[in-house]
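Reading the structure
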Amino acid sequence: LNESTPMANRTYKPPNGKRPGNCGESSDQSTALPLLTLNRGPELLIMGGCTSDRDTMKMADVYNVRNDSWTRVQTHIGRGVPASILLPDGRVLIISGETPWLDQNEYAESYGPSDSRIPVIFDPETHLVSFEMTDTRDVFRGYHNMASLLPDGRIVVGGGFNQYGDVGCENPNLRIFTPSYYDATNRPTLTSTSRLERIILGQTDVTLTYEGRRRLDPTRGVALLAAQAFTHSYGQNQRYVRMEITSLSDSSVTFDVPDSPVLLTGPYH
């Protein structure tokens, strides 16, 4: 590869790279998210879009880079232009978006079938999908909706059109979504003496102390999540970097920090 290489030859198009489904050669805006699983390696999650095919809109399609293969997972919620957010426990929150066949006026005060206001959480390791039903519904958030992980593990959502593809007049409000893992009674919490202002690339034997009734997960218990800004169904700076835990007890954890380029410098949660 050099400067004389034609542009068409500078990228590789894998034989099975096209997302499955009946979308033809075009697709409405979907959300994309890079994943790195323990057993299957690098993968890409595609969700939503393809309003011409209801079945595809309800699917999370996971592309495995090593095998050039797709795995399709049913989410039961049809979404165009959704948001996908990497969570501290290694799972993915899929939230907001448009369900074109749902009458938003009819269901303003109640949930409708395949309602995009119902958040779901997808586990990349197991491909299990769980619903995050809440007592208070959010407003419909379509095109231009945003979402972002907060330092405390909750998610801020905002913007989005009330009706499909409108131009102008987006929702002028923000709301905070609290996932089910955010259990104030049981969840692990760093002790006051265990807050790190800086982590060094390649650092080993980093120890944190924590309290709470729930013990950390031995593989997903510590991770760095890049702070990111989300727009147009994509948070381009999203990264979930799992730390390698070397010692774990009910009150402390010791781990090693990856070096570059696995971990890039910058601000993290």
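Anyway, here's the lowdown on the structure attached to this text. (Residues numbered from 1 in each chain as written. Predicted model: local features only at pLDDT ≥ 70, side-chain atom pairs only at ≥ 80, totals over all residues. Heavy atoms only, no water.)

**As for the overall build of the chain**
Put simply, the rule is: Under the scheme used here, helices are H or I runs from DSSP no shorter than 4 residues and strands are E runs no shorter than 2 residues, and both carry numbers assigned from the N terminus. Both definitions apply: the radius of gyration is a C-alpha atom measure, and the globule rule equals 2.2 Å times residues to the power 0.38. Contacts were defined at the residue level, with two residues in contact if any of their heavy atoms lie within 4.5 Å. Under the convention used here, a 1.4 Å probe and the Shrake-Rupley method define accessible areas, while residue burial counts only the protein chains that appear. His is not counted, nor are the chain ends, whereas Lys and Arg count as positive and Asp and Glu as negative. To locate a charge, take atom NZ for lysine, CZ for arginine, CG for aspartate or CD for glutamate.
Along the chain, the regular secondary structure elements total one helix and 17 strands. Against the 2.2 N^0.38 benchmark of 18 Å for 269 residues, the chain shows a C-alpha radius of gyration of 20 Å, consistent with a compact globule. Seen along its three principal axes, the alpha-carbon backbone of the chain occupies a region of about 55 × 50 × 30 Å. In the chain, the share of contacts with a sequence separation of at least 24, taken over all contacts with a separation of at least 6, comes to 55%. Total accessible area computed for the chain in this model is approximately 14,400 Å², and 51% of it derives from carbon and sulfur atoms. One way to put it: in the chain the 25 positive side-chain charges average out to a point 1 Å from where the 31 negative ones average out.

**Concerning the packing of aromatic side chains**
Filter applied, for reference: Two aromatic rings, drawn from Phe, Tyr or Trp (for Trp, its six-membered ring), form a pair once their centres lie within 6.5 Å of each other, and the interplanar angle then sorts them: stacked below 30 degrees, edge-to-face above 60, tilted otherwise. Working definition: with a 1.4 Å probe on protein chains only, accessible area under 20% of the residue-type maximum means buried, over 50% means exposed, and in between means partly exposed. Lysine and arginine charges are scored as sitting over a ring when NZ or CZ, respectively, is within 6 Å of the ring centre and within 35 degrees of the ring normal.
Considering all chains together, one arrives at two aromatic pairs under this definition. Between Y63 and W70 the ring centres are 5.1 Å apart and the planes differ by 50°, which places this aromatic pair in the tilted class. Residue classification places Y63 among the buried positions, given a relative accessible area of 10%. Between the NZ or CZ atom of R137 and the centre of the ring of Y111, over which it lies, the distance is 5.6 Å. Sitting above the plane of the Y182 ring, R187 keeps its charged end 4.1 Å from the centroid.

**Brief notes about the sheet that holds strand β8 (residues 129–131)**
Threshold: A pair of strands counts as paired when DSSP detects no fewer than two bridges linking them. Fitting a line to C-alpha atoms yields each axis, with helices limited to the stretch in contact; the angle taken between N-to-C directions then spans 0 to 180 degrees.
As summarised here, the arrangement of the four strands in space is β5-β6-β7-β8, forming an open sheet in which the pairing is antiparallel. This sheet does not close on itself; its edge strands, each paired only once, are β5 (83–86) and β8. Going from strand to strand, the sheet's axes swing by 25° on average, the running direction of each strand aside.

**Quick notes on the nonpolar core**
We apply this condition: Grouping buried Ala, Val, Leu, Ile, Met, Phe, Trp, Tyr and Cys residues that are joined through side-chain atoms within 4.5 Å yields what is termed a nonpolar core.
L45, I85, V92, L93 and I155 are the most contacted members of the largest nonpolar core, which totals 30 residues. Examining the composition of this core, we find that four residues originate from one element, strand β6 (residues 92–95), more than from any other. Leave out the neighbours within four places in its chain, and L45 touches T31, A32, L33, L35, A60, D61, V62, V92 and F122. L216, V241, F255 and L263 belong to the second-largest nonpolar core, a separate cluster that totals 13 residues.

**Some words on the pairing of β6**
On β6, burial covers both faces: V92 and I94 on one face and L93 and I95 on the other are all buried. The pairing of β5 with β6 spans four bridges and is classified as antiparallel. What sits directly across from L86, in β6, is V92. Here β5 hands over to β6 after five residues, with G90 in that stretch at a positive phi of 90°. The pairing of β6 with strand β7 (residues 120–122) spans three bridges and is antiparallel. Paired with L93 across the two strands is I121, which belongs to β7.

**Let's talk about the pattern of salt bridges**
To keep things clear, this is the line we draw: The term salt bridge refers to a side-chain nitrogen of Lys or Arg lying within 4 Å of a carboxyl oxygen of Asp or Glu.
For the coordinates displayed, the defined rule picks out 11 salt bridges. We note a salt bridge from R40 to E43, for which the minimum N-O separation is 2.9 Å. Looking at R40, the relative accessible area reads 26%, which means it is partly exposed. The partner of D61 in a salt bridge is R72, with the nearest N and O atoms 2.7 Å apart.

**As for the side chain of E43**
What counts is decided by this rule: Think of a polar contact as two N or O atoms within 3.5 Å of one another; within protein, one of them needs to be a possible hydrogen donor and the other a possible acceptor, and neighboring residues in sequence only count if both atoms come from side chains.
Mapped onto the elements, E43 comes out in strand β2 (residues 41–48). Side-chain polar atoms of E43 contact the side chain of R40, separated by 2.9 Å. Contact partners of E43, with chain neighbours within four places excluded, come to L33, P34, L35, T37, V62, Y63 and N64.

**Looking at the environment of G235**
Position of G235 relative to the elements: it lies in the loop between β14 (223–225) and β15 (240–242). Through-space distance from the C-alpha of G235 to that of L248 is 32 Å; in sequence the pair is 13 residues apart. G235 has contacts with Q228, A229 and F230, leaving out every residue within four places of it along the chain.

All we've got here are geometric facts, nothing functional implied.
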